[in-house]
Amino acid sequence: MNRFHEMSVFLAVAEAQSFAAAARRLEMSAPTVTRSVSALERRLGALLLVRTTRSLRLTEAGQRYADDCRRILDEVQQADDAVAGAMAAPRGALSITAPAFFGELHVMPAVLGYLRAHREVSVRTLLVDRVVNLLDERVDVAVRIGDLPDSTLTAVPVGQVRRVVCAAPAFLREHGVPQDLESLQRYCTVTAAMEGRTPQWRFQQDGQPRSLRVDSQLTVTSFQAAVLAACEGWGLTQVVSYQVARHLASGALQVVLRDFEQPPLPVHVVYPEGRKSSAKVRSFVEFCVEALRRDLATLPA
């Protein structure tokens, strides 16, 4: 059994955390998979997996080796793709992640448009409100909102969005328009608080960032729910501008407290530098960048 095959078998076991599941994925027998991993451990002189009757877990050495195997096998696949003509014709599986609601509104139309033009590419989308580690989770392209940390990833700017406070015009006519941050506590408010995050509203005052804990009678875990409540006249809510773009355009919602908004949040399309040689990644990034720049340029100012 060659080393690349040994790596593939071990990585399948590591990712599935099961010899049987890995065997099914590889279309091999479970005893063959077990013997392959045992032979690999003997050759390396290191314990890669801790086995019990009910579970299987990676040792520290096993985790490092799994990471290296994933990187090496990915590079081998890229080399094979290039020789086979992937540089000229995008094909294969592509994995994309983006924030959930932004992904639904802006990334999915780009994905569908791309797939119509590239029938030999299949796409898996991971639309979640968390920062996905591209290398660990084997994701090819990400759309990120907000300032990016320094990294080896390539980031292409496509526009920006704002964090805004808004309410229905009827609500503002009845209760008045807030003029400063201190007056917020006198208004009915709706706060969207994601799980694990402090429910604070973010502003800028006198050139400095300021976070306020707003005591809302209604707190939800979905920005869409907060927007719906605001449209129904419940009260003020703070969301990101793309989430209420159509409501602002139709007049269903109105922005207030503009003087206290933080600087706009940048939006980037991000991908690992090492994957630029892949035609499917390169072509999707180009398509997505153009689509998002066009979309974001039309958002209400």
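Relevant structure appears above.
Parameters and conventions
Residues numbered from 1 in each chain as written. Predicted model: local features only at pLDDT ≥ 70, side-chain atom pairs only at ≥ 80, totals over all residues. Heavy atoms only, no water. Pairing = 2+ DSSP bridges. Helix = DSSP H or I, 4+ residues; strand = E, 2+ residues; numbered from the N terminus. Axes fitted to C-alpha atoms, helices over the stretch in contact; angles between N-to-C directions. Contact = heavy atoms within 4.5 Å. Phe/Tyr/Trp six-rings, centres within 6.5 Å; stacked < 30°, edge-to-face > 60°. Buried < 20%, exposed > 50% of the residue type's maximum accessible area, 1.4 Å probe, protein only. Salt bridge = Lys/Arg side-chain N within 4 Å of Asp/Glu carboxyl O.

Participant: Summarise the sheet that holds strand 6 (residues 153-161); cite the residues concerned and give the values.
Facilitator: Pairing between sheet strands relies on hydrogen bonds along the backbone, with the strands arranged either parallel or antiparallel. A sheet is described by the order of its strands in space; here five strands give the open sequence 4-3-5-14-6, paired in mixed fashion. With partners counted over all chains shown, the strands left at the sheet margins are strand 4 (121-127) and strand 6, one partner each. Geometrically, the sheet is characterised by an average inter-axis angle of 20° between neighbouring strands, direction not taken into account. Bridge count for strand 3 (residues 92-98) against strand 5 (residues 141-145) is two bridges, and the pairing is parallel. Bridging from a neighbouring strand, Ile 96 pairs with Val 141 of strand 5. Its contacts with the sheet place helix 9 (residues 279-297) against strand 3, strand 4, strand 5, strand 6 and strand 14 (265-272), and it is angled at close to 15° to strand 6.

Participant: Go over the packing of aromatic side chains, please, and point to the residues and values.
Facilitator: Scanning the model with the defined rule gives six aromatic pairs in all. For the ring pair Tyr 114 and Phe 287, a centre distance of 6.0 Å and an interplane angle of 70° mean the geometry is edge-to-face. In this pair, Tyr 114 is assigned in helix 5 (residues 100-117) and Phe 287 in helix 9, connecting sequence segments 173 residues apart. The exposure class assigned to Tyr 114 is buried, which follows from its relative accessible area of 0%. What links up through ring pairs into an aromatic cluster is the set Phe 101, Phe 102 and Tyr 242.

Participant: So what's going on with the pattern of salt bridges? Residues and values would help.
Facilitator: All chains considered together, the criterion is met by 12 salt bridges. The salt bridge partner of Asp 67 is Arg 70, with a shortest N-O separation of 3.3 Å. Note that Asp 67 and Arg 70 are positioned in helix 4 (residues 60-84) at a spacing of three residues, about one turn of the helix. Under the relative-accessibility criterion, Asp 67 is labelled partly exposed at 34%. In this structure, Arg 130 engages Glu 137 in a salt bridge whose closest nitrogen and oxygen atoms are separated by 3.0 Å. Given the relative accessible area of 45%, Arg 130 is considered partly exposed. Several salt bridges share partner residues, and in doing so they unite Glu 15, Arg 25, Asp 67, Arg 70 and Arg 138 into one network.

This is a description of form; function is not addressed.
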